[in-house]
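Architecture at a glance
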Amino acid sequence: MPSVTCSRILAVEQSTVWEFIKDIGNWAPFLMGYQSHEVIDENRSTWTVRGEIGAFTRNVRFDVDIKEWVVPSRVSFRLQGVTEPFEGSGSVILGVPESDREHAAQATGSGRRWRLGALLLMLTGRWRRRARTLRQQAPNTAETAAQTSLSFNLNLAASGMTGPVINAMLEPMMLQAADELADRLIEVISAGDPLAHHHD
Amino acid sequence: MRSASPLSLTGGSMVHSPEADVVIIGSGGAGLAAALTAAEQGAHAVVLEGSRQVGGTFAYSAGLVWVANNHLMAGSGFSDSSEEALSHIRALSGGRHDEGVLQTFIENAPRIIRWLADVMHVPFELVVGYPDYYADRLGGKVSGRYLATPVFPASELLPPEWASRLAVSPHFAGLPASWAEIHEWGGLAAMASWDWEALAGRFSSDCRAFGSAIIGFMLAECLRRQVDIRLNCRATELLIEGGTVTGVKILDDSGTKSELRAKRGVLLATGGYDSNDALKKRWDTYSSTIGIGSPGVDGSGITMALEVGAGFEVLDGQITTPCYHIPGEEADDRPLFRSAVREPAFPGGIVVNAAGKRFADESFFRPLCQEMARFDVISQSYPNENAFFIFDEEWKQSYSLGPIGPGESPPWLVTADSPGELAAQLRIDGASLEATVRAYNTSADRGLDPEFHRGSTLYGRHNGDQRVQPNPCVRALKGRFYGVQLRLASSGTNSGLASNNCGQVLHVRGYPIPGLYAAGNVAANRAEGFWINSGSSNAKSLTFGHLAVKHMLDGAHKK
């Protein structure tokens, strides 16, 4: 089963991270291939992402269902393909790095919106191929006092006849997608006033 | 990312050689066979490719190469002869073949394929068990005339920068299997039982298959032999002096214009015009096809040749197949339409028009396509243009519709409990479809199709499911019904430039234009007329690409 784990330290207060990611609209366009999403209720949503599958692209629609929510440290969820036979699970952890715990800021805001926003960071699809550039642009986190840890984990498994081949395609794609999304978040959130960011 | 400047073997930027022995326009099968021929003879050949990838129409093809009396047949117990193949095509060309071109093709193809295998390291192998389209006609063969290669390990045999420049057909993406293996695994009707784990391993190690595999082997040899291949470099106009073609004008991606002189000749290997809707409308009776071949195949070579007086020959327009679209799929910046050659032949399915009526033997795509394109002069319309593939629950549970595996039913696939309900969703005449299915089922229980004779040809039966007897293509439709709209796709063209048996382009007045050659789909199908077979276009491109350069360089070709 293809899986990816990605962790980052953001050189900003946790509350700042939260303020940004709690609103899906702030970062959804960062997803390469993002087409649309629809919130069904506090736990469920449906997303459409344009995925690159070998030499062609396809719109992939899937349902997201939150299975566990531990405020403000953890949310876990399951994915179920609608247009494709695949399923998956994952988790998002947002917190204070161990070394900086005494400076931790308290998370605030609506729990419902937080959990949805955080988990949707991880959804499949290919992001803009700007990881290297973004990494170069990211500020030096070691020099900043306030820090927030963001880590996520995702497991996906395609089934059906071509499932093994799709899984072979997914593994490198997921790694790159997670990496690039994290870098993009760092770039925008660390810029100082992330909410002033204009969507593409 | 598209490169801002042309790419060549010699580095990141094009070396602007003002002159070459041979200028080859296009990097498909004809172009690379020509380049290898020149390289073997020590000639300086330049391959100009307008796109950023190598392969053209050939790389988008299924990668079958039809060669009668090929060097591998005898060793596997198949008998064949040039005479049998010649009599076969003569009988089935509709009188539209050119005898000289036909003989040259049939008599030289086996030798050239063997040269590619033995000298140029293209590991052709027999595809056993695949019959000619007209296997049961005079001179036809049940097996042995198809060649293909094993998968091409791109990461092993190409430098990394060239692996990404090897075109991959979206139609075969994620299917790194050879034809020999496919037949060994039970054919396309048995896809569900293939070893998909093994295929996944090959995908991860960047193995290419089908037409892309053959192009890969040829490209690797071109690179070993230091062939000058220039990508993103488009020929725009032929240079002509005193009636002789002496070179080409070039436009690269950066907008730089230049000229390249050819001491011995210019070979047009640019493919047909299947991705150019304007040219299809100008030259073909039915022009509303969807191009599913290489998007760069836009008729540019034909246009350049017409500008210097070349003749154009109308020969059955385009090479068509039925196709369908999975909503949301795109490739090459256009909607992806997937070819459906085999699916309508499986038992438990039929094809109907918007009136709910069948109109052809669905087990052989040629009559199906011909009827889909037919203009009816009574109604003054194309009655079968709007076609639908209808299949039942057992079909759904047994076979794949392209990448949709048995039993999988994505939301876009229209389904209903009865033909009438299905018809309502597909905007087909419901009562008529009910009647069509009822009538079909009456005889289908006995494996018969008295109306259109599904499975009546050897090739048609081969396309079916051999586990179903007495007719591998016929079973009554029952249970839940499914439907998908079909369109007519174009993967190549038969009409094109008039050329002779040496590959020389003929002037509209009938004489060869000095210095100008054509090979592959850019040339009209004068070898075969109205006959066609899977893999014959590929075989002709390799054959005449080789022969054209031989003629340019030493005149050794005598036929």
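Anything mentioned here points back to the structure above.
Figured I'd write up the structure that's included with this text.

Attention now moves to the overall build of chain A. Broken down by element type, chain A carries five helices and seven strands. In sequence order, the secondary structure elements of chain A are arranged as β-α-α-β-β-β-β-β-α-α-β-α. Counting the 200 residues in chain A, one finds 54% classified as buried. In chain A, the share of contacts with a sequence separation of at least 24, taken over all contacts with a separation of at least 6, comes to 67%. In the structure as shown, chain A presents an accessible area of about 8,800 Å², 48% of it carried by carbon and sulfur atoms.

Here the focus is the nonpolar core. B:Val65, B:Leu116 and B:Phe124 are the most contacted members of the largest nonpolar core, which has 133 residues in total. For this core, the leading source of residues is helix α4 (residues 99-118) of chain B, giving 10 residues. A:Leu94, A:Ala158, A:Met174 and A:Leu185 belong to the second largest nonpolar core, which has 36 residues in total.

Tracing the chain through its elements places B:Leu497 in strand β20 (residues 496-497). For the pair B:Leu497 and B:Leu32, spaced 465 residues apart in sequence, the C-alpha to C-alpha distance is 20 Å.

Glancing now at a nonpolar patch on the surface. The grouping of B:Phe375, B:Val377 and B:Ile378 at the surface amounts to a nonpolar patch, some 330 Å² of accessible area in total. For B:Val377, a relative accessible area of 60% corresponds to the exposed category.

Before going further, it helps to spend a moment on the pattern of salt bridges. Residue and element names in this part refer to chain B. In the structure shown here, the tally under the stated rule is 40 salt bridges over all chains. Residue Glu84 pairs with Lys141 through a salt bridge whose shortest N-O separation is 2.9 Å. Within this pair, whereas Glu84 is found in helix α3 (residues 82-92), its partner Lys141 is found in the loop between β4 (125-126) and β5 (146-148), the two being separated by 57 residues in sequence. Take Glu84: its relative accessible area is 28%, and that puts it in the partly exposed class. In this structure, Glu362 and Arg454 form a salt bridge, with 3.1 Å as the shortest nitrogen-oxygen distance. With Glu362 in the loop between β16 (349-353) and α12 (365-372) and Arg454 in the loop between α15 (430-444) and α16 (458-463), this residue pair connects regions lying 92 residues apart in the sequence.

This part covers the interface of chain B and chain A. Each partner contributes residues to the interface: chain B has 27 residues there, and chain A has 18 residues. Summed over both sides, the interface of chain B with chain A buries roughly 1,700 Å², with 67% coming from carbon and sulfur. On inspection of chain B and its partner chain A, the count reaches two salt bridges. The partner of B:Glu329 in a salt bridge is A:Arg58, and the shortest N-O contact between them spans 2.6 Å. Here chain B is connected to chain A by six residue pairs in polar contact (both at pLDDT 80 or more). For the side of chain B that touches chain A, the elements supplying multiple residues, two or more each, are α8 (196-204), β14 (318-331) and β15 (334-339) of chain B.

The next subject is the packing of α3(B) against α4(B). Residues and elements named next belong to chain B. Here α3 crosses α4 at 140 degrees, and the two axes come no closer than 10 Å. Overall, the two elements α3 and α4 adopt an arrangement that is oblique. Crossing hand, α3 versus α4: right-handed. Seen from α3, the contacting residues are Ser82, Ala85, Leu86, Ile89 and Arg90; seen from α4, they are Glu99, Leu102, Gln103, Ile106 and Glu107. Here the contact of α3 with α4 is built from residues that sort into five nonpolar, two polar and three charged.

What follows covers the environment of B:Glu385. Residue and element names in this part refer to chain B. Along the chain, the position of Glu385 falls in the loop between α12 and β17 (387-392). You can call Glu385 partly exposed: its relative accessible area is 28%. On a C-alpha basis, the gap between Glu385 and Thr289 in space is 9.9 Å, while along the polypeptide they are 96 residues apart. If sequence neighbours within four positions are ignored, Glu385 has contacts with Tyr286, Ser288, Met372 and Leu486. Within the structure, Glu385 has its side chain in polar contact with the side chain of Tyr286 (distance 2.7 Å).

Let us look at the packing of aromatic side chains. Residue and element names in this part refer to chain B. Counted under the stated rule, the structure contains 29 aromatic pairs over all chains. Judged by centre distance (5.1 Å) and plane angle (75 degrees), the rings of Tyr286 and Tyr382 are edge-to-face. Separated by 96 residues along the polypeptide, Tyr286 in the loop between α10 (277-283) and β12 (290-291) and Tyr382 in the loop between α12 and β17 bring together distant segments of the chain. For Tyr286, a relative accessible area of 9% translates into the label buried. Relative to Trp395, the ring of Phe391 has its centre 4.4 Å away and its plane inclined at 45 degrees; by these criteria the two rings are tilted. The pair Phe391 / Trp395 is uniform in exposure class, with both members buried. Three or more aromatic residues joined by ring pairs make a cluster, and in this case those are Tyr130, Tyr133, Tyr134, Tyr146, Phe172, Trp179, Phe210, Phe364, Phe365 and Tyr459. Lying across the ring of Trp162, Arg165 places its NZ or CZ 4.8 Å from the centre.

Rules and cut-offs
Residues numbered from 1 in each chain as written. Chains lettered and ligands numbered in written order. Predicted model: local features only at pLDDT ≥ 70, side-chain atom pairs only at ≥ 80, totals over all residues. Heavy atoms only, no water. Helix = DSSP H or I, 4+ residues; strand = E, 2+ residues; numbered from the N terminus. Buried < 20%, exposed > 50% of the residue type's maximum accessible area, 1.4 Å probe, protein only. Contact = heavy atoms within 4.5 Å. Areas by Shrake-Rupley, 256 points an atom, 1.4 Å probe, with all protein chains shown as cover. Core = buried A, V, L, I, M, F, W, Y, C linked by side-chain atoms within 4.5 Å. Patch = residues over 30% accessible without salt bridge, like charges linked within 9 Å, V, L, I, M, F, W, Y side chains within 5 Å. Salt bridge = Lys/Arg side-chain N within 4 Å of Asp/Glu carboxyl O. Buried area = accessible area lost by both parts, 1.4 Å probe. Polar contact = N/O pair within 3.5 Å; in protein donor to acceptor, adjacent residues only side chain to side chain. Axes fitted to C-alpha atoms, helices over the stretch in contact; angles between N-to-C directions. Parallel < 35°, antiparallel > 145°, perpendicular 65-115°, else oblique. Left-handed = near helix turned anticlockwise from the far one by under 90°. Nonpolar A, V, L, I, M, F, W, Y, C, P; charged D, E, K, R; others polar. Phe/Tyr/Trp six-rings, centres within 6.5 Å; stacked < 30°, edge-to-face > 60°. Lys NZ or Arg CZ within 6 Å of the ring centre and 35° of its normal.

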